[in-house]
Amino acid sequence: MSNNETVEIIKENCSIEDVISQYTKLVGSRPQLKGMCPLHKDGKPSFFVNTARKVFYCHGCHKGGDVITFVQDIEHLTFKEAAVFLSEKYGLEIKGFSADATNRNKYLAKVQKYALSMLWSDEGDRATEYLFNRSFDEDPIEAHGVGFLPDTMETRLMLRSKYSDELGLHRLMGRITFPFYSSSGSVIGYGGRTMTDKVTPKYTNTSNKGGFKKSKCLFGFNEAKKQDTDMVVVAEGYLDVLAINEAGLKSAVATCGTALTEDHAKKLSNRWNDVILCLDSDPAGISAMMRSIPILYKHGMKVYVASLEDGQDPASTPRRKLLEAIQESKPGYEVVIDNISTNAFEAANQLRPLLMSLPIEGRYSLYERVGAKLGLPQALFTTPSTGMPPAMDVLQPTPNPNMDYLLMFIIHNSDEVDAVGFLSPSDIGDAWYKWAYEKLFDGVPVSKLIESARDNPAFASILSRLANTQPPAEFGRIAVQAGCLVVAQSIANQIYTAINQEPADFELIKKLQQRRLRLMTLV
């Protein structure tokens, strides 16, 4: 069967309204419906569905297509995977197209039924005893499909299958099982935990095969997305999710054995606006938190962090205290600042991803708070820490907040450009920023620059954002400081080059040092 025939069968039998309504609320009267776009962080309804033509289009992210295209985009699937996803969800038989995936799902459903039955059998006494001793009730255990695969001949016979070999299900024998589900509700993979800390590894996952990929899957996601809330709690492990559920919060997920990824963040931000990180309070958990916060901010989420007692994780924390910790969570950026290194350069490396993940207007107060806390210059957070010149990529501008401040100042204060005239275009490493600085300094309107930069949408977007951002009070002082930092970085790069050339150019180094001293008088 051809792809075109497959598309027509699926479009005829899978309601685009029904499919999309599972990801965002649609309003209006047929055939034209609208809602918040589930494919990007939408500020107002810009997503439209035409039920007569069976297509969608978003005026914000400019994505559109049919029901298969939508599933490809929202679930990050190939055409074939999306077709299989829909055919299984709606019970369609598409000859020669989804047989293997259907057989795999049927086999995993059989394994899941067996694991559930084993948990509550005599074979599963040790597993249920372990769970009950950890203060877990039956409700969250059953809600998440927790099971058990005993290390017996019966289990070995059950696991004699190419799909078992493909996924590595044998690794789960003797472990409590935690299933991961596709959006259609089919089991696609498992996590497993031992019943004693003496066996290593304590946790294991099935292989990244079929629809299961650790970097994209979140344990508990299907249960969490059913909840009527705009907030989700993110933990590290399966048992943490069960504990958070028992504390009274049903909207909880876990990354399970992997760091939070861009795909995780995109999946979370498509469903929720607010996220609370409730991670282990050990050094590994704090490190994971520091890496996760900028990623979540970058995807437009409001990020908070729950603080647990030292050495505790959500599963080991009394439920009442766990709920209190989550309810008293602090904004993510405050927690990052509280946990940064006392070493200046280590602190800069930790803070730079956070600052770069925030919109430019959200950075000013953070710069002041960080400076007040550590006495660190802004340049540490906004310029490369290697001492080497930044790469000049004519297709993609290098992020440079100091240059953003300078350009914004010139755009909004064209009659005061002499205040930053000490900056030479040769001090600017990025070709696009250098071009914009020269043009704006010469009086060219920003509207013409945006039009001229149409071949580079990324930089045109930067100019447009700067033109539409209202500068804060006393912005002239900030712009001068930003210019000084750009020049200081340029001097540092030149000194680095002069020192490392053969022979070292000490005369040039002396002149650069003198220029740096003159520069300090401007700050």
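Small disclaimer: the values here were computed from a predicted structure and weren't measured.

1. Some points on the overall build of the protein
Each helix and strand counted, the protein has 24 helices and 14 strands in total. Residue pairs in contact within the protein that sit at least 24 positions apart in sequence constitute 63% of those at least 6 positions apart. For the protein, the exposed area adds up to about 25,300 Å²; of that, 51% sits on carbon and sulfur atoms.

2. A look at the sheet that holds strand β7 (residues 175-181)
Pairing within the open sheet is antiparallel, and its 4 strands lie in the order β6-β7-β8-β9. Two strands bound the open sheet, and with one partner strand each, they are β6 (147-149) and β9 (203-205). Across the sheet, the axes of successive neighbouring strands diverge by a mean angle of 35°, strand direction being ignored.

3. Points about the pairing of strand β2 (residues 32-35)
On β2, burial follows the alternation: Leu-33 and Gly-35 on one face are buried, whereas Gln-32 and Lys-34 on the facing-out side are not. Here strand β1 (residues 27-29) pairs with β2 via 3 bridges, running antiparallel. Within β2, the position partnered with Gly-28 by the bridge is Leu-33. Between β1 and β2, which follow one another and run antiparallel, lie 2 residues. Pairing of β2 with strand β3 (residues 47-50), which is carried by 4 bridges, proceeds in the antiparallel orientation. Across the sheet, the residue bridging to Gly-35 is Phe-47, located in β3.

4. Details of the packing of helix α12 (residues 262-271) against helix α13 (residues 283-298)
Pairs of packed helices are described in terms of their axes, by the angle between the two and the distance that separates them. Where α12 meets α13, the axes come as close as 9 Å, and the angle between the chain directions of the two elements is 50°. Overall, the two elements α12 and α13 adopt an arrangement that is oblique. Once α12 is placed against α13, the crossing between them reads as right-handed. Contact with α12, carried on its side by Glu-262, Ala-265 and Leu-268, involves Ile-295, Leu-296 and Lys-298 of α13 and no other residues of that element. Among the residues forming the contact of α12 with α13, the class breakdown is 4 nonpolar, no polar and 2 charged.

5. Here's the deal with helix α11 (residues 238-246)
Of all 9 residues making up α11, 8 are buried, and the element is well covered by its neighbours. Buried within α11 we find Tyr-238, Leu-239, Asp-240, Val-241, Leu-242, Ala-243, Ile-244 and Asn-245.

6. Comments concerning the nonpolar core
By size, the foremost hydrophobic cluster in this structure holds 37 residues, and its most contacted members are Leu-131, Ile-176, Phe-219, Ile-244 and Ile-326. At the level of elements, α6 (125-133), β7, β10 (231-235), α11, β11 (252-254) and α14 (319-327) are the ones that each hand at least two residues to this core. No other element matches the 6 residues that α11 contributes to this core. Setting aside residues no more than four positions away along its own chain, Ile-176 makes contact with Ala-127, Tyr-130, Leu-131, Val-146, Gly-147, Phe-148, Gly-191, Gly-192, Arg-193 and Met-195.

7. Structural notes on the pattern of salt bridges
Using the criterion set out here, one finds 11 salt bridges in the structure. Residue Asp-151 is joined to Arg-156 by a salt bridge in which the shortest nitrogen-to-oxygen separation is 2.8 Å. When its relative accessible area of 47% is taken as the criterion, Asp-151 is described as partly exposed. The residue Lys-330 makes a salt bridge to Asp-338 at a minimum N-O spacing of 2.8 Å. Taking the relative accessible area as the measure of exposure, Lys-330 reaches 34% and is therefore partly exposed. Overall, Asp-338 belongs to the partly exposed group, its relative accessible area being 44%.

8. Points about a negative patch on the surface
A cluster of acidic side chains, namely Asp-122, Glu-123, Asp-125, Glu-129 and Glu-154, defines a negative patch on the protein surface. Along the chain, Asp-122 turns up in the loop between α5 (99-119) and α6. Here Asp-122 falls in the exposed class, since its relative accessible area comes to 69%.

About the thresholds
Residues numbered from 1 in each chain as written. Predicted model: local features only at pLDDT ≥ 70, side-chain atom pairs only at ≥ 80, totals over all residues. Heavy atoms only, no water. Helix = DSSP H or I, 4+ residues; strand = E, 2+ residues; numbered from the N terminus. Contact = heavy atoms within 4.5 Å. Areas by Shrake-Rupley, 256 points an atom, 1.4 Å probe, with all protein chains shown as cover. Pairing = 2+ DSSP bridges. Axes fitted to C-alpha atoms, helices over the stretch in contact; angles between N-to-C directions. Buried < 20%, exposed > 50% of the residue type's maximum accessible area, 1.4 Å probe, protein only. Parallel < 35°, antiparallel > 145°, perpendicular 65-115°, else oblique. Left-handed = near helix turned anticlockwise from the far one by under 90°. Nonpolar A, V, L, I, M, F, W, Y, C, P; charged D, E, K, R; others polar. Core = buried A, V, L, I, M, F, W, Y, C linked by side-chain atoms within 4.5 Å. Salt bridge = Lys/Arg side-chain N within 4 Å of Asp/Glu carboxyl O. Patch = residues over 30% accessible without salt bridge, like charges linked within 9 Å, V, L, I, M, F, W, Y side chains within 5 Å. Lys, Arg positive; Asp, Glu negative; His and termini not counted. Charge placed at Lys NZ, Arg CZ, Asp CG, Glu CD.

Such coordinate-based values are descriptive only and should not be taken to indicate function.
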